[in-house]
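One-letter residues, chain by chain:
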Amino acid sequence: MLKYIQGEFMKIVYTSNTGFTESYAKRLASKLGIEALTLKDALSCVEKNSNIIYLGWINTGYIEGLNKARKHFNPVCVCGVGLAPHQENHILAIRENNDLKLSPFFYLEGGFDFSLLKGLNKLKMKIARSLLKKSITKKENPSDNEKALLEILYNGANFMDLEKVDGVANWYYSRYII
């Protein structure tokens, strides 16, 4: 029988933009048998300074909502959901940008769906993909990576693997359940 360490009934708190992070948060919550809440909802119903597992989407190397979550809660583990493939130098940059050098951090590949973007994020991506397209079409020999990125920005992509939350679950079980 599993026993929770005293006082450690934490929540999963997340910020999602197009649903990829939300899918990971809900899958992890289901695996762990704990509640997943948006950051907005958690701010009104989770006690200040509570331990949480935080998941956020990555925007230019920064995990969205993490700083706000830190002001109200104690993220004992952080997951970043991004579009880039899992590469060590990328992970190190995310750790550095988000002050996660010593914190448990898990990188989860997400995806991109332009149709689900809203407001300023949609406008920024519309401009970025247009500029990238112009830049690439001017090149004589664009790289395969550039062509792949352009394809993703115009046609979308889903690189999610919901089984990747197993690493987070194993970390949680090793630390919080006896």
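Source: prediction; values computed, not measured. (Residues numbered from 1 in each chain as written. Predicted model: local features only at pLDDT ≥ 70, side-chain atom pairs only at ≥ 80, totals over all residues. Heavy atoms only, no water.)

S.K.: Residue-level account of the overall build of the protein chain, with values.
M.R.: Scanning the protein chain from N- to C-terminus turns up seven helices and eight strands. Out of the 178 residues in the protein chain, the part that is buried amounts to 40%. A fraction of 71% describes how many contacts in the protein chain between residues 6 or more apart in sequence connect residues 24 or more apart. For the protein chain, the accessible surface area stands at approximately 10400 Å², while carbon and sulfur atoms represent 52% of it. When the 24 positive and 18 negative side-chain charges of the protein chain are each reduced to one mean point, those points stand 6 Å apart. (Helix = DSSP H or I, 4+ residues; strand = E, 2+ residues; numbered from the N terminus. Buried < 20%, exposed > 50% of the residue type's maximum accessible area, 1.4 Å probe, protein only. Contact = heavy atoms within 4.5 Å. Areas by Shrake-Rupley, 256 points an atom, 1.4 Å probe, with all protein chains shown as cover. Lys, Arg positive; Asp, Glu negative; His and termini not counted. Charge placed at Lys NZ, Arg CZ, Asp CG, Glu CD.)

S.K.: Run through helix 7 (residues 165-176), naming residues and quoting values.
M.R.: Counted at 1.5 Å a residue, the expected span for helix 7 with its 12 residues is 16 Å, and the 16 Å between its end C-alpha atoms agrees. Those residues of helix 7 not exposed but buried are V165, V168, A169, W171, Y172 and Y176. Angular distribution of buried residues about the axis of helix 7 spans 160°; they occupy a single face of the element. Where helix 7 is buried, its residues contact helix 1 (20-32), strand 3 (51-59), strand 5 (74-82) and strand 6 (105-109). (Expected span 1.5 Å × (residues − 1). Arc of directions from axis to C-beta.)

S.K.: Lay out the side chain of T18 with the relevant residues and their values.
M.R.: When you line up the elements, T18 lands in the loop between strand 1 (11-15) and helix 1. Discounting chain neighbours no more than four positions away, the residues touching T18 are D113, L116 and L117.

S.K.: Explain the nonpolar core residue by residue, including any values.
M.R.: By size, the foremost hydrophobic cluster in this structure holds 24 residues, and its most contacted members are I12, L28, I53, L55 and Y172. Apart from the residues within four sequence positions on either side, I12 is in contact with A25, L28, A29, I34, E35, A36, L37, I53 and L55. Core analysis: the second largest hydrophobic core is formed by 18 residues, L39, A69, F73 and V78 among them. (Core = buried A, V, L, I, M, F, W, Y, C linked by side-chain atoms within 4.5 Å.)

S.K.: Just give me the short version of a nonpolar patch on the surface, but keep the residues and values in it.
M.R.: Judged by side-chain polarity, L120, L123, I127 and L131 come together as a nonpolar surface patch covering roughly 400 Å² of accessible area. Within the fold, I127 resides in helix 5 (residues 119-138). Under the relative-accessibility criterion, I127 is labelled partly exposed at 45%. (Patch = residues over 30% accessible without salt bridge, like charges linked within 9 Å, V, L, I, M, F, W, Y side chains within 5 Å. Salt bridge = Lys/Arg side-chain N within 4 Å of Asp/Glu carboxyl O.)

S.K.: Break down the state of the cysteines for me, with residues and values.
M.R.: Under the defined criterion, the tally for this structure stands at zero disulfides. C79 supplies the cysteine sulfur nearest to C77, a cysteine that is in no disulfide, at a spacing of 4.6 Å. (Disulfide = S-S within 2.5 Å.)

S.K.: Go over the pairing of strand 6 with me, naming the residues and quoting the values.
M.R.: In the sheet, strand 5 pairs with strand 6 via five bridges, with the strands oriented parallel. Note that in strand 6 the partner of G80 across the bridge is Y107. Following the chain from strand 5 across helix 4 (residues 88-97) to the adjacent parallel strand 6, one finds a crossover that is right-handed. (Pairing = 2+ DSSP bridges. Right-handed = clockwise from strand over helix to strand, strands pointing away.)

S.K.: Requested: an account of the pattern of salt bridges, with residues and values cited.
M.R.: For the structure on display, the rule yields seven salt bridges. A salt bridge links E35 to K11; the shortest N-O distance between them is 3.3 Å. Taken together, the residues E35 in the loop between helix 1 and strand 2 (36-38) and K11 in strand 1 connect sequence positions 24 residues apart.

S.K.: With reference to specific residues and values, describe the packing of aromatic side chains.
M.R.: Two aromatic rings are characterised by how far apart their centres lie and by the angle between their planes. Tallied over the entire structure, the rule returns one aromatic pair. Note on Y172 and Y173: the rings are 6.2 Å apart at their centroids and 65° apart in plane angle, and the pair reads as edge-to-face. It is R129 that lies over the ring of F114; its NZ or CZ is 3.8 Å from the centre. When the ring centre of Y154 is taken as origin, the NZ or CZ atom of K133, which lies over that ring, is 5.3 Å away. (Phe/Tyr/Trp six-rings, centres within 6.5 Å; stacked < 30°, edge-to-face > 60°. Lys NZ or Arg CZ within 6 Å of the ring centre and 35° of its normal.)

The values are spatial; any link to function lies outside them.
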